[in-house]
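Tertiary structure, described
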Amino acid sequence: MKIHFCIPVSQQRPDALGGRYVLYSVYLDGFLFCRVRYSQLHRWNEQLRRIFGNCLPPFPPKYYLAMTASMANERRDQLEQYLQNLTMDPNVLRSDVFVDFLKQLQLSTFNITAKSTSLDIFLPDGKSIKIEIVTSDTAERVLEVASHKIVLCRELLGYFGLFLIRFHKDGKLSVVKKMADFEFPYVSLQSSEVENCKVGLRKWYMDPSLDSMLMDCRTAVDLIYLQAIQDIEKEWAKPTQAQREKLTALQKEDNQTKFLELSREVQHYGYLQLDPCTCDYPEPGCLAVVSVGNNEISCHITLLDDQTQDVIFQMNRVKCWQVTFLGTLLDMDGPQQTLNQNLELRFQYSEDSRWQWFVIYTRQAFLLSSCLKKMISEKMVKLAAENPEMQIEVPEQGKSKRNHIQQSQWKNYSNFLLRKSKISIKVAEDDCIFGTIKEEDL
């Protein structure tokens, strides 16, 4: 599935010979990732083609005459599409050419040199471990170092991830984003404009039944146990009074296995809860608390008359969704390096035998989109296990490999529609599921 790359703006800069060149600002999941020239991307594309041949997406052609404004915008759109489509191939994502190029861009964009340093990784109980890393270590590498320190079984790494997490003064926390494997946690943390932001280790799966895959590793059990306690304390998971009393007793006994078994019966166990936001259902301007997990989007909605309503959107009735940036970026050299303002996620949903659009206005729209993609990915893993004739290659969990389809890959109809004040990310056929997924749909 595609990664949330976008290029909302570009700038003209003078070069050493008195000419001018265009510098593109590339965003990943709503945060400034790097700045890059067309010539750099062109050389990178040629390197990739020597390895992967014609399976790569088309690269925007060179212009030998001066570009008009419309030509410049067209190239920016094409580069954006190229980056998105490039990330659909898991082999490209894991290649040294792909990772090394992005390493250099991140370091140069934020003027950070590769050197040894220490990094605090926060665990679900609020405590942290200090690990020794290099500033140019990827999230994949940092996760390996952290897992080695806490003795987490290596084959289970795919069930966990590194996140940027904001710790609020009132004790609440917000998950800001899930870090991509090729992203630099040190650089992302240093460049983040989010106050009180830390790098946190959390489980990264949306299907609570996958807990069963971790029960033979003591450290993995410790981590999901601590996260379950944290989610209940933060009221992300919502036990009944009877369940809460039993869970409290099991926690006092330190009976982790029984605690987790009971936790899986608790409402919203294993869900990720977003910060309070607004939505347009059942009427515009309603306040909402959105929780996502277990193949559903759950919304606790406060109506304009202060009445409340709980609405659940099942993922098997979601056709597609898109993330749109509603603001305007003016000074890209200034402090603003995030798109996480004035964002919306809208999804098309089948209700009463007709398709309707529902809109959620949240700064965590990219995170929500990542969670929806994760649920679909997990569904595809189950389909592959149940229907091997579908010829879906499912790499081993825990080796940082992405599921991909051996036959004709899902059609690409994901795109960014760039306008002066709007970025629309349509995550469609490769990121949507229907009521029934048939082999011919793949």
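**Description of helix α2 (residues 69–86)**
Taking 1.5 Å of rise per residue, the 18 residues of α2 would be expected to cover 26 Å, and the 26 Å separating its terminal C-alpha atoms lies within 8% of that figure. What α2 keeps buried is the set Arg 75, Arg 76, Leu 79, Glu 80, Gln 81, Tyr 82, Leu 83, Gln 84, Asn 85 and Leu 86.

**Some points on the sheet that holds strand β3 (residues 31–37)**
The three strands lie next to each other as β1-β2-β3, forming an open sheet whose pairing is antiparallel. Each of the sheet's edge strands pairs with one partner strand only, and the pair in question is β1 (5–14) and β3. In this sheet, neighbouring strand axes are inclined to one another by 25 degrees on average, regardless of whether the strands run parallel or antiparallel. Those strands touched by helix α1 (residues 38–52) are β2 (20–28) and β3, and its axis lies near 85 degrees from that of β3. Across the sheet, α2 touches β1 and β2, and the angle it forms with β1 is around 135 degrees.

**Quick look at the packing of aromatic side chains**
Counted by the stated rule, this structure contains 20 aromatic pairs. Relative to Trp 204, the ring of Phe 163 lies with its centre 5.6 Å away and its plane at 75 degrees, an arrangement referred to as edge-to-face. Taken as a pair, Phe 163 in strand β6 (residues 160–167) and Trp 204 in the loop between β8 (197–203) and α7 (218–233) lie far apart in primary sequence, 41 residues in all. Phe 163 sits in the buried class, given a relative accessible area of 1%. Taking the centre distance of 6.1 Å and the plane angle of 80 degrees together, the rings of Tyr 349 and Phe 358 count as edge-to-face. Neither residue differs from the other here; Tyr 349 and Phe 358 are each classed as buried. Put simply, the rings of Phe 5, Phe 33, Trp 44, Phe 98, Phe 101 and Phe 182 pair up and form one aromatic cluster. The ring of Tyr 21 carries Arg 37 above its face, with NZ or CZ at 3.8 Å from the centroid.

Reading the values: rules and limits
- Residues numbered from 1 in each chain as written.
- Predicted model: local features only at pLDDT ≥ 70, side-chain atom pairs only at ≥ 80, totals over all residues.
- Heavy atoms only, no water.
- Helix = DSSP H or I, 4+ residues; strand = E, 2+ residues; numbered from the N terminus.
- Expected span 1.5 Å × (residues − 1).
- Buried < 20%, exposed > 50% of the residue type's maximum accessible area, 1.4 Å probe, protein only.
- Pairing = 2+ DSSP bridges.
- Axes fitted to C-alpha atoms, helices over the stretch in contact; angles between N-to-C directions.
- Contact = heavy atoms within 4.5 Å.
- Phe/Tyr/Trp six-rings, centres within 6.5 Å; stacked < 30°, edge-to-face > 60°.
- Lys NZ or Arg CZ within 6 Å of the ring centre and 35° of its normal.

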